[in-house]
Amino acid sequence: MKNLSKNQLCTEVVSQTNDKIKAESKEAANERVTPEDILYSLKPLLDEYFVGTISCDKTALTYQTTSGQKFRIAVTKEA
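Per the stated rule, a full pass over the model turns up 2 aromatic pairs. Between Phe 50 and Tyr 63 the ring centres are 5.4 Å apart and the planes differ by 50°, which places this aromatic pair in the tilted class. You can see Phe 50 sitting in the loop between α2 (35-49) and β1 (52-56) and its partner Tyr 63 sitting in strand β2 (residues 60-65), a full 13 residues away along the chain. Accessibility expressed as a relative area gives 42% for Phe 50, which makes it partly exposed. Through a chain of ring-to-ring contacts, three or more aromatic side chains come together here, namely Phe 50, Tyr 63 and Phe 71.

Here the focus is the nonpolar core. Core analysis: the largest hydrophobic core is formed by 6 residues, namely Leu 39, Leu 46, Ile 54, Leu 61, Tyr 63 and Val 75. Looking at this core, the elements with two or more residues in it are α2 and β2. Sequence-distant contacts of Ile 54, that is, excluding residues within four places in its chain, are made with Lys 43, Leu 46, Asp 47, Leu 61, Thr 62 and Tyr 63.

What counts as what
Residues numbered from 1 in each chain as written. Predicted model: local features only at pLDDT ≥ 70, side-chain atom pairs only at ≥ 80, totals over all residues. Heavy atoms only, no water. Phe/Tyr/Trp six-rings, centres within 6.5 Å; stacked < 30°, edge-to-face > 60°. Helix = DSSP H or I, 4+ residues; strand = E, 2+ residues; numbered from the N terminus. Buried < 20%, exposed > 50% of the residue type's maximum accessible area, 1.4 Å probe, protein only. Core = buried A, V, L, I, M, F, W, Y, C linked by side-chain atoms within 4.5 Å. Contact = heavy atoms within 4.5 Å.

Set out below in structure tokens:
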């Protein structure tokens, strides 16, 4: 691989990079997302922003505040 400076582009390297991006995009387009994928991706965000207990199962996140309130976020696939 050739060395690239800020002002110089190597078409060979750019082409290889573009081919890799295209292959990754095609692979991602064929990938199936499950409700579990979404829930497990959301859990760290909720952990970061809310104080309380957050649990996750296959269909929903359950959040309980320190005062005892409970909330449930369910994810289902639409047809």
